[in-house]
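Analysis of the macromolecular model
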Amino acid sequence: MRPSLATLRDPIMCLALGFGSGLWRKGPGTMGSLVGVALFLPLIDASMLIKVSLIFVGSVLGVYICDYAAKELKLSDPGCVVWDEIVGIWIALIFVPASLAWIAFAFVCFRFFDIAKPPPMSWADRHLKGGLGIMVDDLMAGGLTALLIYVLQHSI
């Protein structure tokens, strides 16, 4: 079932669908990631405690949000559910300074890892189910991107 704009009236579905970004026919994950960047930008210079707290809350709630949406849509991992991309990109941006180049680099790396799903993301994507399964591979893609950025920043 492909959701309509009316689906966004449900607050949980609105979050799951990234405030409507997941309704894009081509590249809903990319659109959701862009929404995630926009939501994270005001916190780019915030303390690490604030960033980690946001990511923790977004991840924990995300398991419920994504599970709820998958059940509502009667699909195991609906492409239109992009809350996982939103929180995943937050992780990818955790070490990024307020620099368009670094933000763009983080975005491209995150989307690459999210689409390519190298191990262990591919294993998680195949074996974990429900909201946890929807969330974990994107959290891992964000973590891999954050690690890459951290290493690059400390080796340049």
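The rules behind the values
- Residues numbered from 1 in each chain as written.
- Predicted model: local features only at pLDDT ≥ 70, side-chain atom pairs only at ≥ 80, totals over all residues.
- Heavy atoms only, no water.
- Helix = DSSP H or I, 4+ residues; strand = E, 2+ residues; numbered from the N terminus.
- Expected span 1.5 Å × (residues − 1).
- Contact = heavy atoms within 4.5 Å.
- Buried < 20%, exposed > 50% of the residue type's maximum accessible area, 1.4 Å probe, protein only.
- Salt bridge = Lys/Arg side-chain N within 4 Å of Asp/Glu carboxyl O.
- Phe/Tyr/Trp six-rings, centres within 6.5 Å; stacked < 30°, edge-to-face > 60°.

What follows is about helix α5 (residues 100-116). Taking 1.5 Å as the rise per residue, α5 with 17 residues should run 24 Å; its terminal C-alpha atoms sit 24 Å apart, in good agreement. Taken together, the buried residues of α5 touch α2 (28-40), α4 (83-92), α6 (121-127) and α7 (130-155).

Before going further, it helps to examine α4. Counting buried positions along α4 gives 10 out of 10 residues, so the element sits mostly inside the fold. Residues of α4 that are buried in the fold lie against α1 (11-16), α2, α3 (48-73), α5 and α7.

All right, on to the pattern of salt bridges then. Under the counting rule described, the total for this entry stands at 4 salt bridges. Linking Lys 117 and Asp 137 is a salt bridge whose minimum nitrogen-to-oxygen distance equals 2.6 Å. Here Lys 117, found in the loop between α5 and α6, pairs with Asp 137, found in helix α7; they are 20 residues apart in sequence, far enough to count as distant. An identical accessibility class is assigned to Lys 117 and Asp 137; each is buried. Several salt bridges share partner residues, and in doing so they unite Arg 111, Asp 114, Lys 117 and Asp 137 into one network.

What follows is about the packing of aromatic side chains. The relation between two aromatic rings is expressed through the spacing of the ring centres and the mutual angle of the planes. Inspection of every chain in the model, using the stated rule, returns 5 aromatic pairs. For the ring pair Trp 83 and Trp 90, a centre distance of 5.9 Å and an interplane angle of 80° mean the geometry is edge-to-face. In this structure Trp 83 comes out as buried when scored by relative accessible area, which is 7%. A residue is classified by how much of its surface remains accessible, and Trp 90, at 5% relative accessible area, is buried.

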